[in-house]
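Fold and contact review
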Amino acid sequence: MPPTHELDVRPVAASLYFLPIKTRVPLKFGPEITTEVTCARVRLTVRDAQGREAVGWGETPLSVQWVWPSTLSYEVRHAALKRFTVLLVDAWICFEKAGHPVEVGHAFQEQVLPGLLEAINAERGVDAEPMPWLAALVCCSAFDLALHDAYGVLHGVPTYQTYNPSFMNHDLAHYLTPAQGTDVSFVGKYPEDFFASPPAKTLPAWHLVGGKDPLDPSELTGEEPDDGYPVLLRDWIERDGLNCLKVKLRGDDYAWDYDRLVKVGQIAVNEAVDWLTADFNCTVHDPSYVNRILDQLVQEHPRLYGMILYVEQPFPYELETHRIDVHSVSARKPLFMDESAHDWHLIRLGRALGWTGVALKTCKTQTGALLSLCWARAHGMTLMVQDLSNPMLAQVPHVLLAAHAGTIMGVETNGMQYYPEASLPESEVHPGLYRRRSGLLDLSTLGGPGFGYRLESIPRELPAPAAESRWIG
């Protein structure tokens, strides 16, 4: 159906591009190691009721090991994600919903995406391991981001200035239900009501200390890249002025995890770094594992314990299957949902189980991130915005979300650690987004309509489209 409200839009054309990238050093996700990633970039055209059209862009790394932890080979999962993303091209253009991007994106995720996931899993065969819902969201997110960008471009305003009643047809009560027993109401509320005001122009940057990252010269193997970028943690801290370190842990090796946290913490103290977080990447099944680490740390290294700002996603992300009571962990430190926080429904369940914070990600769709932000903030939960090692265009909406969310402390950003050369064209226009200086990202170059990519100034040549579609109507 064509748009009816004068500000409504619907997608009418889409092109999909696959941009492969190799990491300069390995990145460990839980039990797996990443050495390459494919970014899905989408060009989406929208049309309003007057026939005006505008183009928007979205991009997401198809991070196989993060979205689909499995013993299946990387290539099997990688091929399935790419196949699904190709199917989304026609699906978005055939979707006849018109409205604000939150309305269209929400409807697509409710009405179309589940059926597409069911279809591709049936296509893969009854004996094949099914692709998870998180993977479907990540594939979908590039289209959803492009929709939000195109809407702002069409109306000549930054996208974040459209999340209010002047542009949206429905308030948040149309999408969100408060937790029982609270006095929260979403009637007459819009996303803009939950944003930081004014949005941040600079953000403290969290550096990822991966499980394979060498901490000191004794851990060097001789296979490290000699490419002008740091390798050792102290060199990164000195070069970028870092003040926040996120420590990847294993979750199934207590001695290794504790020693790793202490060793990183001692380097942090020596280098005048103030903040740490611990990320277990969904590998823990018993809260006592995390509690023991925290309790031992507070007894033996109280300063390091005090530096831990929060703990991130120790437990399996299938929250409805693994309903673990985590109040004992969150009584010690703020406990943030990441992989579990697919949408606000699961955040509501997580809150009941004892989680106190939410780590938002644009790779789960801009629409979903905004609705999760609003639900969590309305219920007093703390927010963070976490990275998917976002390079190139993916970095822009990622940092904009953090700037508007009012996070507990800045934003995680590590694309410049693992594939800095991938973003060189974008860094010519937005240098403050792709290089951390004095421990900060600088968002001052973002402006103009949509997400403010300024694509016309970015000297990047794209490959031939992997798929294209246009609505005839």
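Use the structure listed above.
No experiment lies behind these values; they were computed from the predicted model shown.

Details of the sheet that holds strand β2 (residues 32–48)
Taken together, four strands build an open sheet; the order of strands is β3-β2-β1-β13 and the sheet is antiparallel. The open sheet has two edge strands with one neighbour each: β3 (53–61) and β13 (467–470). Strand after strand, the sheet turns through a mean of 15° between neighbouring axes, direction not considered. Sheet topology places strand β1 (residues 9–29) next to β13; four bridges connect them, and they run antiparallel. Among the inter-strand pairings, Ser 15 is bridged to a residue of β13, identified as Glu 468.

Structural notes on the pattern of salt bridges
The full count for this structure, using the stated rule, is 25 salt bridges. Here Lys 263 ties to Glu 219 by a salt bridge, and the two come within 2.9 Å at their closest N and O atoms. Within this pair, whereas Lys 263 is found in helix α7 (residues 254–270), its partner Glu 219 is found in the loop between β4 (202–209) and α6 (233–240), the two being separated by 44 residues in sequence. Of the charged contacts, one joins Lys 361 and Asp 338 as a salt bridge, the two residues approaching to 2.7 Å between their closest N and O atoms.

Let's talk about helix α2 (residues 74–94)
Taking 1.5 Å as the rise per residue, α2 with 21 residues should run 30 Å; its terminal C-alpha atoms sit 31 Å apart, in good agreement. Looking only at α2, the buried set comprises Tyr 74, Arg 77, His 78, Ala 80, Leu 81, Phe 84, Thr 85, Leu 88, Val 89, Ala 91, Trp 92 and Ile 93.

Let's talk about the packing of α2 against helix α3 (residues 101–111)
Relative to each other, α2 and α3 sit at 120°, their axes nearing to 12 Å. Between α2 and α3, the angle falls in the class oblique. By crossing handedness, the relation of α2 to α3 is classed as right-handed. Residues Leu 88, Ala 91 and Trp 92 of α2 form the contact with α3, whose own contacting residues are Val 104, Gly 105 and Phe 108.

Regarding the packing of aromatic side chains
All chains considered together, the criterion is met by 16 aromatic pairs. Between the aromatic rings of Tyr 17 and Trp 57, the centroid separation amounts to 6.2 Å while the plane-to-plane angle is 25°, which identifies the pairing as stacked. One end of the pair, Tyr 17, is in strand β1; the other, Trp 57, is in strand β3, and 40 residues separate them in sequence. Through a chain of ring-to-ring contacts, three or more aromatic side chains come together here, namely Trp 92, Phe 95, Phe 108 and Phe 143. Here the basic side chain of Lys 82 rests over the ring of Phe 18, its NZ or CZ set 5.0 Å away from the ring centre. A cation over an aromatic ring shows up here: Arg 250 above the ring of Trp 256, its NZ or CZ 4.0 Å from the ring centre.

Parameters and conventions
Every chain is numbered independently, its residues counted from 1 as its sequence is written. Where local features are concerned, this predicted model is filtered to residues with pLDDT of at least 70; where side-chain atom pairs are given and counted, the filter is 80 or more; whole-chain, interface and lining totals use all residues. Side-chain numbers come from the whole structure's heavy atoms, not from hydrogens or water. At least two bridges found by DSSP between two strands are what make those strands a pair. The helix count covers DSSP runs of H or I at least four residues long, the strand count covers runs of E at least two residues long, and both are numbered beginning at the N terminus. To get an axis, a line is fitted to the C-alpha atoms, and for a helix only the part in contact is used. The angle between two axes follows their N-to-C directions and goes from 0 to 180 degrees. The term salt bridge refers to a pairing of a side-chain nitrogen on Lys or Arg with a carboxyl oxygen on Asp or Glu at a separation within 4 Å. Working rule for helices: expected span equals 1.5 Å times residues minus one. Exposed residues in this analysis have more than 50% of their type's maximum accessible area, buried residues have under 20%, and partly exposed residues fall in between, with area computed by a 1.4 Å probe over protein chains only. We call two directions roughly parallel when the angle between them is under 35 degrees, roughly antiparallel when it is over 145, roughly perpendicular when it lies between 65 and 115, and oblique otherwise. Working rule for handedness: look at the near helix, and if it is turned counterclockwise from the far one by less than a right angle, call the crossing left-handed; if clockwise, right-handed. In this description, contact between two residues means that some pair of their heavy atoms is separated by no more than 4.5 Å. Here a Phe, Tyr or Trp ring, Trp counted by its six-membered ring, pairs with any other such ring whose centre lies within 6.5 Å, and the pair is stacked when the planes are under 30 degrees apart, edge-to-face when over 60, and tilted otherwise. Counting as a charge over the ring demands two things of the Lys NZ or Arg CZ atom: a distance within 6 Å of the ring centre and an angle within 35 degrees of the ring normal.

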